[in-house]
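Notes for the structure review
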Amino acid sequence: MYVCMCHAVTEDQVKRAIDAGADTPRQIAKGCKAGTDCGSCVRRIQALLGEHGARPCPTARLAAKLGLADPGADSEDSEPVPAPVPVAALRVA
């Protein structure tokens, strides 16, 4: 599955970078450019890093501190998260 559509980076490529020692989105970006264009893939990259034991991103720590639901958590009680609006649809001609 693609993580970064802008640079055609797959989830497997990101996981290989993590296995090779990358532990931040910037380190992932240095290797494959994922997260350097539109940025819509950065949350998924952060989630993959978290799944592999990397330190949670500041946003996740803040959400936990405030008692907010983790948007990436799978829970039967949580409501579905709406799909993001494509950036192109927000541009004014």
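Residues numbered from 1 in each chain as written. Predicted model: local features only at pLDDT ≥ 70, side-chain atom pairs only at ≥ 80, totals over all residues. Heavy atoms only, no water.

1. Let's talk about the environment of Lys33
- By the element assignment, Lys33 lies in the loop between helix H2 (25–32) and helix H3 (42–51).
- Placed 24 residues apart in sequence, Lys33 and Val9 show a C-alpha to C-alpha distance of 8.1 Å.
- With near-sequence residues (within four places) excluded, Lys33 lies in contact with His7 and Ile28. (Helix = DSSP H or I, 4+ residues; strand = E, 2+ residues; numbered from the N terminus. Contact = heavy atoms within 4.5 Å.)

2. Here we look at the confidence of the model for the chain
- For the chain, mean pLDDT is 76; residues scoring 70 or higher make up 57% of the total.
- Here helix H4 (residues 58–66) stands out as the least confident element of the chain, with mean pLDDT 64; strand E2 (residues 9–10) is the most confident, with 96.
- Of the regions scoring below 50 in pLDDT, residues 74–78 engages in one contact with residues more than four places distant in sequence or in other chains. (pLDDT = per-residue confidence, 0-100.)

3. Some remarks on the nonpolar core
- The biggest cluster of nonpolar side chains holds 13 residues, and the ones touching the most others in it are Val3, Val9, Val14, Ile18, Ile28, Ala34 and Ile45.
- Going through the elements one at a time, strand E1 (2–4), helix H1 (11–19), H2 and H3 are the ones with two or more residues in this core.
- Among the elements that make up this core, the one with the highest residue count is H3 (three residues).
- The contacts of Val3, once residues within four sequence positions are left out, are Val9, Thr10, Glu11, Val14, Cys41, Arg44, Ile45 and Leu48. (Core = buried A, V, L, I, M, F, W, Y, C linked by side-chain atoms within 4.5 Å. Buried < 20%, exposed > 50% of the residue type's maximum accessible area, 1.4 Å probe, protein only.)

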